[in-house]
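Spelled out, the chains give:
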Amino acid sequence: MDTQLQHLITACLRRDEIAMRAIYNRFVDRLYYVIKRYIKEDYHIANILQDVFLKVFNKIETFDAKKGSFNTWITTIAIRESLNHLRKNHVNLMQLEEVAVWSAADVDPLLTQLELDDLMIRVNAIPDKYRVIFTLYEIDGYDHKEIAEMLGIGASTSRSYLTRAKKMLQEEILSHDNKVTRR
């Protein structure tokens, strides 16, 4: 961890408002985009950002540099707050039904060729329960066991929904490409 960040964290432990503002300014843009991967509406993102920073400053004493980086710690808080928001707003992440497992061979490698912004537009178009699992696995790097624990589902359900999300994205991309080709 860089020395400046370490000093800011220490100052935040003393409730130093200038240090808190510096931490906020340093991480707000990154966390905005982390939350945006899960939440579509900007007004909800702003509320979640506020909740994230309140939690960070109220729990900063629980941060342990030996267990991981501050960036990882604060990002995890943002992801968990985003998932909590989805649960509060009745996005049913707890009772995902099992679906038939799709073969990875069914998913076109075209998905890997998209620009990130283009991909995120398409990811946001798929239903929440698929989007959340896709984002947790493919973007934030959680494994299926971790996703299962976070969402209260089985690891096989997580795998199934990830495969289904990729298939939906593939269909969205091919549909978009066909529309562009017809013009």
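Because the structure is a prediction, the values reported are computed rather than measured. Residue numbers run consecutively from 1 along every chain, following the written order of its sequence. A pLDDT threshold of at least 70 governs which residues receive local features in this predicted model, and a stricter bar of 80 or more applies before side-chain atom pairs are shown or counted, although totals over entire chains, interfaces and linings include all residues. Side-chain numbers come from the whole structure's heavy atoms, not from hydrogens or water.

Undergrad: Lay out the side chain of S158 in plain terms, naming residues and giving numbers.
TA: The secondary structure listing takes helices from DSSP runs of H or I that are at least 4 residues long and strands from runs of E that are at least 2 residues long, numbered from the N terminus. One can find S158 in helix 8 (residues 155–182). Under the scheme applied here, a residue whose accessible area is under 20% of the maximum for its type counts as buried, over 50% as exposed, and between as partly exposed, the area being computed with a 1.4 Å probe on protein chains only. For S158, a relative accessible area of 0% gives the class buried.

Undergrad: Requested: an account of the environment of D118, with residues and values cited.
TA: On the secondary structure map, D118 appears in helix 5 (residues 116–123). Each C-alpha atom, one on D118 and one on I173, is 9.7 Å from the other, the two residues being 55 residues apart in sequence.

Undergrad: If you had to explain the pattern of salt bridges to someone new, which residues and values would you point to?
TA: Side chains that carry opposite charge are capable of pairing whenever their charged atoms lie near each other. Think of a salt bridge as a Lys or Arg side-chain nitrogen and an Asp or Glu carboxyl oxygen that are within 4 Å of each other. Under the criterion given, the structure shown has six salt bridges. Here D2 makes a salt bridge to R26, at a shortest N to O gap of 2.5 Å. Here the residue D2 occupies a position in the segment before helix 1 (3–13), and R26 occupies one in helix 2 (residues 17–36), the gap between them amounting to 24 residues. Across the pair D140 and R37 runs a salt bridge, and its minimum N-O distance is 2.1 Å. Remark: R37 occurs in the loop between helix 2 and helix 3 (42–58) and D140 occurs in the loop between helix 6 (128–139) and helix 7 (144–151); sequence separation between them is 103 residues.

Undergrad: Could you give an account of helix 4 (residues 70–88), naming the residues involved and the relevant values?
TA: To estimate the expected span of a helix, subtract one from its residue number and multiply by 1.5 Å. Given a rise of 1.5 Å per residue, 19 residues ought to cover 27 Å, and the 27 Å separating the end C-alpha atoms of helix 4 matches this to within 8%. Residues of helix 4 that are buried: F70, W73, I74, T75, I77, A78, I79, E81, S82, L83, H85 and L86. The contact criterion used throughout is that any non-hydrogen atoms of two residues lie within 4.5 Å. Tucked into the core, helix 4 has its buried residues touching helix 1, helix 2, helix 3, helix 6 and helix 7.

Undergrad: Kindly report on helix 7, identifying the contributing residues and their values.
TA: Among all positions in helix 7, only H144, I147, A148, M150 and L151 are buried. For helix 7, the angular spread of the buried residues around the axis is 165°, confining them to a single face. The outward face of helix 7, more than 90 degrees from its buried face, is lined by the exposed residues K145 and E149. Phi turns positive one or two residues past the end of helix 7, at G152, with a value near 70°. Here the arc refers to the directions that run from the helix axis out to each C-beta atom.

Undergrad: Which residues make up the nonpolar core, and what values go with them?
TA: We call a set of buried Ala, Val, Leu, Ile, Met, Phe, Trp, Tyr and Cys residues a nonpolar core when their side-chain atoms join them within 4.5 Å. In this structure, I23, F70, L83, L136 and L151 are the most contacted members of the largest nonpolar core, which totals 52 residues. Where this core is concerned, the elements lending two or more residues are helix 1, helix 2, helix 3, helix 4, helix 5, helix 6, helix 7 and helix 8. The residues contacting F70, other than those within four sequence positions of it, are L5, I9, I23, F27, V56, I60 and F63.

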